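Chain by chain, the residues run as shown.
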Amino acid sequence: MVHIYLPASFLSNLAGTLRSDASSPSIDYHAGFRDPLIECIATEFVRELTCETWGGSLLIEALSDALALRLLNSHAGFGIDPARSAIASPGLDSRRLQRVIDYIDANLAGPITLDDLAAVASLSRFHFSRMFKIATGQSPSTFVGHRRLEMAKIRLAAGLSIAQIAFDCGFSSESNFVRSFKRVGGMTPGEFRRMSRQ
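These lines cover the structure that appears in this document, whether it is placed above or below.

Conventions used here
Residues numbered from 1 in each chain as written. Predicted model: local features only at pLDDT ≥ 70, side-chain atom pairs only at ≥ 80, totals over all residues. Heavy atoms only, no water. Helix = DSSP H or I, 4+ residues; strand = E, 2+ residues; numbered from the N terminus. Expected span 1.5 Å × (residues − 1). Buried < 20%, exposed > 50% of the residue type's maximum accessible area, 1.4 Å probe, protein only. Polar contact = N/O pair within 3.5 Å; in protein donor to acceptor, adjacent residues only side chain to side chain. Core = buried A, V, L, I, M, F, W, Y, C linked by side-chain atoms within 4.5 Å. Contact = heavy atoms within 4.5 Å. Patch = residues over 30% accessible without salt bridge, like charges linked within 9 Å, V, L, I, M, F, W, Y side chains within 5 Å. Areas by Shrake-Rupley, 256 points an atom, 1.4 Å probe, with all protein chains shown as cover. Salt bridge = Lys/Arg side-chain N within 4 Å of Asp/Glu carboxyl O.

**Details of helix H7 (residues 125–136)**
Every α-helix winds through 3.6 residues per turn, so residues three or four apart in the chain are directed the same way.
Item 1. For H7, with twelve residues, the first-to-last C-alpha span of 16 Å sits near the 16 Å given by 1.5 Å per residue.
Item 2. Residues of H7 that are buried: Arg125, Phe126, Phe128, Ser129, Arg130, Met131 and Phe132.

**As for the environment of Ser175**
Item 1. Note that Ser175 resides in helix H10 (residues 174–185).
Item 2. Separated by twelve residues in sequence, Ser175 and Ala163 have C-alpha atoms that sit 8.8 Å apart.
Item 3. One polar contact links Ser175 to Ser173, side chain to side chain, over a distance of 3.2 Å.

**Quick look at the nonpolar core**
Item 1. Formed by 30 residues in total, the largest nonpolar core has its most connected members in Trp54, Ile104, Phe128, Phe177 and Phe181.
Item 2. Residue assignment for this core shows that the elements contributing at least two residues are helix H5 (94–106), helix H6 (114–121), H7, helix H8 (140–157), helix H9 (162–168) and H10.
Item 3. Examining the composition of this core, we find that six residues originate from one element, H8, more than from any other.
Item 4. Among residues more than four places away in sequence, those in contact with Phe128 are Leu92, Val100, Leu114, Leu117, Ala118, Ala121, Leu123 and Pro140.
Item 5. Counting eight residues, the second largest nonpolar core, distinct from the first, contains Leu11, Leu14, Ala15 and Leu72.

**Observations regarding a nonpolar patch on the surface**
Item 1. A cluster of nonpolar side chains, contributed by Val2, Ile4 and Val46, occupies part of the molecular surface with about 190 Å² of accessible area.
Item 2. Relative to the helices and strands, Val46 resides in helix H2 (residues 36–50).

**Considerations on unusual backbone geometry**
Item 1. With a phi close to 60°, Ser122 is a non-glycine residue in the positive phi region.
Item 2. Structurally, Ser122 is set in the loop between H6 and H7.
Item 3. Judged by its relative accessible area of 55%, Ser122 falls in the exposed class.

**Notes on the pattern of salt bridges**
Item 1. Summed over the entire model, instances satisfying the criterion amount to ten salt bridges.
Item 2. One salt bridge in this structure joins Arg34 and Glu39, with 2.6 Å as the shortest N-O distance.
Item 3. One salt-bridge network, in which partners are shared between bridges, spans Glu61, Asp65, Asp115 and Arg125.

None of this, on its own, says anything about what the molecule does.
Below, the structure written as structure tokens:
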């Protein structure tokens, strides 16, 4: 069983971001229903919490946004069509995008949140995520994950300890870092280091 809690203020803020005429949303109470998208989101929550990825907390935030949007659309009668607004949007302009990328690169070793990135772009969190993906072809969590992977490879080649690199990349443990590195790169960090020295 998975319990996911979203504060009412979070749903209200998202509703206000998406529709200026929105009042505080009221989520219908249902028991025993099936929603395949909510099941998929919950599965991804559990997967991230049990086996960390490079996206980490950014992925959890994106999943929270997706869950909130689904609740508003399907269980509060809010009627938002994110696909239609995404088609009309050109994505982040080049100056905003560069500011965000510069911020990501400067903060790879620390926590990066969607709220941080949205603030750098001067957008709401929800609009930022959509516009970033349109501009780059990747979600913020995937983009940051790739940047952290590249940082880890550089530090491995430079001889830093695997434990230190795991910490710098935001992993909770060295074993989680090793598992994630192998899943993405097809080899352990130690194997990558040996290969890079040859």
